[in-house]
Amino acid sequence: MIEYYIDGSAKDRTIGAGIVRINEFGFMDKRHIAAEHTNPTPQIAEGFAFEKALEMIKENDIHKNELINVYSDCRHLISSLQFNQHFDFHQSEFFIKQETNDYFLYLRELYKELIARKSKSSIYHCSKSKEARPLIKVFYKEDADNRNYLQDAHSMSRQYIKQEESKVLNVVSKAPSKVEAKINKIDLKAVKKANAWHIVKNNGKTIAVNKRPLVALSEALVQTKVKNHQIQLCSYLENLLKSTNKNKLSNESMISAFKIIDEHKNKFVS
């Protein structure tokens, strides 16, 4: 058995992939891969991690007589691979969702190519489940025996963020007065209008809208106009973050939103 644990992250114009590979002898290979993207989203990043895992499988494992399990925490990716399932479209997110659907469809074709009957890696009989299964099978994180490897993959996917923070710290140590002058504080407030939540900044201008306030906040945090600012959240958003147990979330958009929020927490000021 060969196992792959994958995760992706997105920040500004960069996406990162974290991959933990455990070969048939138990040796571990941890990798971080980063790439620039014109419109990065957490879903695109999850797909990028899966694409890089497929490249590793094709290079290192496809010729072996070993079953290969891939574990991911992205339900939409797994559903699209199994059933060609698309995201539901919402007016404010149409083009983002369409881009994700197109990319996942491309990944599904890559995956099908590796597990097709005409290839050398078609269908195998699994002695554990007593069922036929493809050589390469993708599972949701709940099926992993050891989820610590998924946490390792998550940390690896964010390595580029740590490298950026390290560069900033080096600059601060060399020229603290200049850097501090560039970092301004921005106030973000959640305001409910009609059936949607608006994230409003200092001047009263709306910069993100969503039916869920925390999803709207995550959309605001990745915008260029919020970059390089310390962030003061309104009391409603602060209390909402404190009262929400992210470990019990099942909604994909909320899980993705919390990933983004966690990546920007170091900018929050009280």
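Structure shown above.
Bear in mind that the values here come from a model prediction, so they are computed numbers and not experimental data.

A.B. asks: I'd like to hear about the overall build of the protein chain, residue by residue, with values.
C.D. replies: Counting secondary structure elements, the protein chain contains nine helices and 12 strands. Long-range contacts, defined here as pairs at least 24 residues apart, represent 62% of the contacts in the protein chain between residues at least 6 apart.

A.B. asks: Outline the pairing of strand β2 (residues 14–22), supporting the account with residue identities and numerical values.
C.D. replies: Extensive coverage of β2 is indicated by the burial of nine of its nine residues. Across nine bridges, the pairing between strand β1 (residues 2–11) and β2 is antiparallel. The residue of β2 that forms the bridge with K11 is T14. Linking two consecutive strands that pair antiparallel, namely β1 and β2, is a turn of two residues; a positive phi of about 55 degrees is found at D12 within it. Across nine bridges, the pairing between β2 and strand β3 (residues 28–36) is antiparallel. Directly across from A17, in β3, lies its bridge partner I33. Counted along the chain from β2 to the antiparallel partner β3, the turn is five residues long, and its residue G26 has a positive phi close to 90 degrees.

A.B. asks: Outline the sheet that holds strand β10 (residues 206–210), listing residues and values.
C.D. replies: Reading across the sheet, the five strands line up as β10-β9-β8-β11-β12 and stay open at both edges, with mixed pairing between neighbours. Of all strands in the sheet, those bounded by a partner on one side alone are β10 and β12 (268–269). With five bridges joining them, strand β8 (residues 184–193) and strand β11 (residues 229–233) adopt parallel strand pairing. Within β11, the residue paired with N184 across the bridge is H229.

A.B. asks: An account of the side chain of R158 is needed here, citing residue identities and associated values.
C.D. replies: Its location among the elements puts R158 in the loop between α4 (148–157) and α5 (159–174). Overall, R158 belongs to the buried group, its relative accessible area being 17%. The contact partners of R158, leaving out residues within four places of it in the chain, are S9, D262 and E263.

A.B. asks: Which residues make up the packing of helix α7 (residues 213–221) against helix α9 (residues 252–264), and what are the values?
C.D. replies: One way to put it is that α7 packs onto α9 with a least axis distance of 9 Å and a crossing angle of 45 degrees. When the axis of α7 is compared with that of α9, the two are oblique. α9 is crossed by α7, and the crossing has left-handed handedness. Across from L214, V215, L217, S218 and L221 in α7, the residues of α9 making contact are S253, M254, A257, F258, I260, I261 and H264. Of the residues that constitute the contact of α7 with α9, the class distribution is nine nonpolar, three polar and no charged.

A.B. asks: I'd love a proper account of the pattern of salt bridges, names of residues and values included.
C.D. replies: On inspection of all chains with the given rule, the structure shows 14 salt bridges. Between K30 and D152 there is a salt bridge; the shortest N-O distance is 3.4 Å. Placement of the pair is K30 in strand β3 and D152 in helix α4, with a sequence separation of 122 residues. Its salt-bridge partner being R147, residue E142 comes within 2.7 Å of it at the nearest N-O pair. Accessibility expressed as a relative area gives 41% for E142, which makes it partly exposed. Residue class for R147 comes out partly exposed when judged on its relative accessible area of 44%. What you see here is one network of salt bridges that share partners, running through D7, E46, D73 and K259.

A.B. asks: Which residues make up the packing of aromatic side chains, and what values do they have?
C.D. replies: Tallied over the entire structure, the rule returns six aromatic pairs. Measuring from centroid to centroid gives 4.9 Å for W197 and Y236, while their planes differ by 10 degrees, and the two rings are stacked. Linking W197 in strand β9 (residues 196–200) with Y236 in helix α8 (residues 235–243), this pair joins segments that are 39 residues apart in sequence. Using a relative accessible area of 36% as the deciding quantity, one classes Y236 as partly exposed. Directly above the aromatic system of Y140 lies the positively charged group of R75, at a separation of 3.9 Å from the ring centroid.

A.B. asks: Explain the packing of α7 against α8 to me, using residue names and the numbers behind them.
C.D. replies: Closest axis-to-axis distance for the α7/α8 pair is 11 Å, and the angle between their directions is 110 degrees. In terms of their interaxial angle, α7 and α8 are classed as roughly perpendicular. Along the contact surface, α7 presents P213, L214 and L217, while α8 presents Y236, L237, L240 and L241. Looking at the contact of α7 with α8, its residues break down into seven nonpolar, no polar and no charged.

Conventions used here
- Residues numbered from 1 in each chain as written.
- Predicted model: local features only at pLDDT ≥ 70, side-chain atom pairs only at ≥ 80, totals over all residues.
- Heavy atoms only, no water.
- Helix = DSSP H or I, 4+ residues; strand = E, 2+ residues; numbered from the N terminus.
- Contact = heavy atoms within 4.5 Å.
- Buried < 20%, exposed > 50% of the residue type's maximum accessible area, 1.4 Å probe, protein only.
- Pairing = 2+ DSSP bridges.
- Axes fitted to C-alpha atoms, helices over the stretch in contact; angles between N-to-C directions.
- Parallel < 35°, antiparallel > 145°, perpendicular 65-115°, else oblique.
- Left-handed = near helix turned anticlockwise from the far one by under 90°.
- Nonpolar A, V, L, I, M, F, W, Y, C, P; charged D, E, K, R; others polar.
- Salt bridge = Lys/Arg side-chain N within 4 Å of Asp/Glu carboxyl O.
- Phe/Tyr/Trp six-rings, centres within 6.5 Å; stacked < 30°, edge-to-face > 60°.
- Lys NZ or Arg CZ within 6 Å of the ring centre and 35° of its normal.

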